[in-house]
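Next come the chains, spelled out residue by residue.
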Amino acid sequence: SFIIVPFPIAANFDNTDDILNPSRGARIRMQITPSVATVSQTVAYLATEWSGSSYLAVDSAKRLILAGRARVGSIVAADTQQIPASKRFYAGGGGSIRGYKFQSVGPLDAQNDPLGGRSVVELGLEARTRITDTIGLVPFIDGGTVYDASFPDGSEPIRWAAGLGLRYFTGIGPVRFDIAFPLNGRKGVDSTFEFYISLGQAF
């Protein structure tokens, strides 16, 4: 049991042309959260997270859209164990690094369960190609990892994955089917591939 008193401060910028299927513009979010937590003792820590994505239609018909995203986060605290597990950074999964299990990228315990960390780096690139008015193909690559340290220190390798997505465009947005394969997965930890179904683009 623990008590957390956060003081979040956030700023958002969004000039994209569509919520679920943007073809131009950018999204940027910055959040700073000073917090006081009582676990085994009372500690204070500062969490900062930046995330952004950008979109560019290569042709006027918007048949090919290049999309990219990035996320960087840091928690300044004396020790990772002083931060409640639910407030640490995690990576992996459909909205993060596809090809890896949910929150599984980064430090693991003896049972291969994620420990979370004090810093995170994520990258993603997609080429969103519309084949017909209702069908699209999206080759993509994702990468990133979580570090125990407050700032990325190279202690964990960047985990990369590549895949291919199918998009079915509806009146309310695309339905997404993605399959992703780890490029440098961990033996006995990561699956051969991961499959995702969702509404809207990955980012």
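Above this text sits the structure in question.
Predicted model only: the values in this text are computed from it and were never measured.

Asks: Give me the pattern of salt bridges: which residues, what numbers.
Replies: For the structure on display, the rule yields 15 salt bridges. Across the salt bridge formed by Asp178 and Arg176, the nearest N and O atoms sit 2.8 Å from each other. Here Asp178 matches Arg176 in class, with each residue buried. Taken together, the shared-partner salt bridges connect Arg98, Glu126, Arg128, Asp142, Arg167, Arg176 and Asp178 into one network.

Asks: Tell me about the nonpolar core, residues and numbers included.
Replies: Counting 15 residues, the largest nonpolar core has Tyr45, Ile75 and Ala91 as its most contacted members. Here the element with the most residues in this core is strand S4 (residues 42-57); it accounts for three residues. Not counting chain neighbours up to four residues away, the residues in contact with Ala91 comprise Ser96, Ile97, Lys101, Gln103, Ser104, Val105, Val120, Glu122 and Val146.

Asks: Would you mind going over the environment of Trp50 in detail, with residue names and values included?
Replies: As for its position among the elements, Trp50 is in strand S4. Residue Trp50 is classed as partly exposed on the basis of its relative accessible area, which comes to 48%. Once the C-alpha coordinates of Trp50 and Ile19 are considered, the two residues, 31 residues apart in sequence, prove to be 19 Å apart. Beyond its immediate chain neighbours, meaning those up to four positions away, Trp50 contacts Arg29, Met30, Ala70, Arg71 and Val72.

Asks: Tell me about the side chain of Asp178, residues and numbers included.
Replies: Checked against the element boundaries, Asp178 lands in strand S9 (residues 173-182). What makes Asp178 buried here is its relative accessible area of 0%. A polar atom in the side chain of Asp178 sits 2.7 Å from the side chain of Arg167. Polar contacts involving the side chain of Asp178 include one to the side chain of Arg176, which spans 2.8 Å.

Asks: Summarise unusual backbone geometry; cite the residues concerned and give the values.
Replies: The residue Lys62 is not glycine, and still its phi comes out positive at about 60°. Looking at the element boundaries, Lys62 is found in the loop between S4 and strand S5 (64-76). Residue Lys62 is classed as partly exposed on the basis of its relative accessible area, which comes to 40%. Of note in this structure, Gln103 is not a glycine but carries a positive phi near 60°. With respect to the helices and strands, Gln103 occurs in the loop between S5 and strand S6 (119-130). What makes Gln103 partly exposed here is its relative accessible area of 27%.

Asks: Help me get a handle on the packing of aromatic side chains, residues and values and all.
Replies: To describe a pair of aromatic rings, you give the distance between the ring centres and the angle between the ring planes. In the structure shown here, the tally under the stated rule is two aromatic pairs. Centroid distance Phe181 to Phe193: 6.2 Å. Interplanar angle 50°. Geometry classified as tilted. Of this pair, Phe181 sits in strand S9 while Phe193 is found in the loop between S9 and strand S10 (194-199), placing the two residues twelve residues apart along the sequence. Directly above the aromatic system of Phe140 lies the positively charged group of Arg98, at a separation of 3.7 Å from the ring centroid. Cation over ring: Arg128 sits above Phe203, and NZ or CZ is 4.9 Å from the ring centre.

What counts, and where the lines are drawn
Residues numbered from 1 in each chain as written. Predicted model: local features only at pLDDT ≥ 70, side-chain atom pairs only at ≥ 80, totals over all residues. Heavy atoms only, no water. Salt bridge = Lys/Arg side-chain N within 4 Å of Asp/Glu carboxyl O. Buried < 20%, exposed > 50% of the residue type's maximum accessible area, 1.4 Å probe, protein only. Core = buried A, V, L, I, M, F, W, Y, C linked by side-chain atoms within 4.5 Å. Helix = DSSP H or I, 4+ residues; strand = E, 2+ residues; numbered from the N terminus. Contact = heavy atoms within 4.5 Å. Polar contact = N/O pair within 3.5 Å; in protein donor to acceptor, adjacent residues only side chain to side chain. Phe/Tyr/Trp six-rings, centres within 6.5 Å; stacked < 30°, edge-to-face > 60°. Lys NZ or Arg CZ within 6 Å of the ring centre and 35° of its normal.

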